Amino acid sequence: MSFVPELSDFLGEWRINRRIEDRLSSQQGRIAGQAWFRPDGPVLRYREEGLLRLGSAPAMTAVRDYIWHKDGERIAVEYGDGRPFHDFDPATPAACHFCDPDDYHVRYDFSRWPDWQAEWTVSGPRKDYTMISRYVRP
């Protein structure tokens, strides 16, 4: 049986390595950096910072902010400004998010906890990519 995380299990610092396969542009990308889950009352503030390399373009800094919190038995993820993004059941960790006209599907894998990953598949008229993020403790 896979590990079923509680929200508090994410607290702290993580190294992140992300692989991006953009099928529309036939480009590969990578992000290497750090991610943090920090407590803020009943929620965890997630921040990641890394260096993005996409195809032959110059490397650039990439930053993301989210808010994670409990919603009953589920974990809800919001954008950094509080808008809803997606939620998932930690026991069956998958979710969808529709951002017209694009579909975002995520599957979390906690089977090798404390190493874990998130795999996003995104499709739409202007998007067709897979993004796999691996998290490990430093």
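Going by the structure above, here's the rest.
Presented here is an overview of the structure given in this document. This one's a predicted model, so the numbers in the text were calculated from it and none came from an experiment.

1. Focus on unusual backbone geometry
- Note the cis peptide between Asp100 and Pro101, where omega equals 10°.
- If you check the backbone angles, Ser26 has positive phi at about 55° while not being a glycine.
- With respect to the element layout, Ser26 can be found in the loop between strand 1 (12–22) and strand 2 (27–40).
- Owing to a relative accessible area of 66%, Ser26 belongs among the exposed residues under this scheme.

2. Here we look at the pairing of strand 8 (residues 102–112)
- Pairing of strand 7 (residues 94–99) with strand 8, which is carried by six bridges, proceeds in the antiparallel orientation. Paired with Cys99 across the two strands is Asp102, which belongs to strand 8.
- In this structure, strand 8 lies alongside strand 9 (residues 115–123), joined through eight bridges in antiparallel fashion. Across the sheet, Asp109 pairs through a bridge with Gln117, a residue of strand 9.

3. Concerning the state of the cysteines
- Tallied over the full model, the rule gives zero disulfides.
- Here Cys96 is not cross-linked by a disulfide; its sulfur's nearest cysteine counterpart is in Cys99, at 14 Å.
- We classify Cys99 as partly exposed; its relative accessible area is 37%.

4. Some thoughts on the pattern of salt bridges
- On inspection of all chains with the given rule, the structure shows ten salt bridges.
- In this structure, Arg45 engages Asp40 in a salt bridge whose closest nitrogen and oxygen atoms are separated by 2.8 Å.
- When its relative accessible area of 37% is taken as the criterion, Arg45 is described as partly exposed.
- As a salt-bridge pair, Arg74 and Asp87 come within 2.4 Å of each other at their nearest N and O atoms. Separated by 13 residues along the polypeptide, Arg74 in strand 5 (residues 74–79) and Asp87 in strand 6 (residues 84–88) bring together distant segments of the chain.
- Here Arg74 falls in the partly exposed class, since its relative accessible area comes to 32%.
- Taking relative accessible area as the criterion, Asp87 reaches 32% and is therefore assigned partly exposed.
- Among the charged side chains, a network of salt bridges with common partners joins Glu21, Arg23 and Asp128.

5. Section: the side chain of Ser133
- Structurally, Ser133 can be placed in strand 10 (residues 128–136).
- With a relative accessible area of 2%, Ser133 lands in the buried category.
- A polar side-chain atom of Ser133 sits 2.5 Å from a polar atom in the side chain of Arg18.
- Ser133 has contacts with Ile16, Asn17, Arg18, Trp116, Gln117 and Ala118, leaving out every residue within four places of it along the chain.

6. Quick notes on the nonpolar core
- Membership of the largest hydrophobic core comes to 30 residues, with the highest contact counts inside it found for Phe10, Phe37, Tyr46, Trp68, Phe88, Tyr108 and Trp116.
- What Phe88 contacts, discounting residues up to four positions off in sequence, is Trp68, Arg74, Ile75, Val77, Pro93, Ala94, Ala95, Tyr108 and Phe110.

The rules behind these values
- Residues numbered from 1 in each chain as written.
- Predicted model: local features only at pLDDT ≥ 70, side-chain atom pairs only at ≥ 80, totals over all residues.
- Heavy atoms only, no water.
- Helix = DSSP H or I, 4+ residues; strand = E, 2+ residues; numbered from the N terminus.
- Buried < 20%, exposed > 50% of the residue type's maximum accessible area, 1.4 Å probe, protein only.
- Pairing = 2+ DSSP bridges.
- Disulfide = S-S within 2.5 Å.
- Salt bridge = Lys/Arg side-chain N within 4 Å of Asp/Glu carboxyl O.
- Polar contact = N/O pair within 3.5 Å; in protein donor to acceptor, adjacent residues only side chain to side chain.
- Contact = heavy atoms within 4.5 Å.
- Core = buried A, V, L, I, M, F, W, Y, C linked by side-chain atoms within 4.5 Å.

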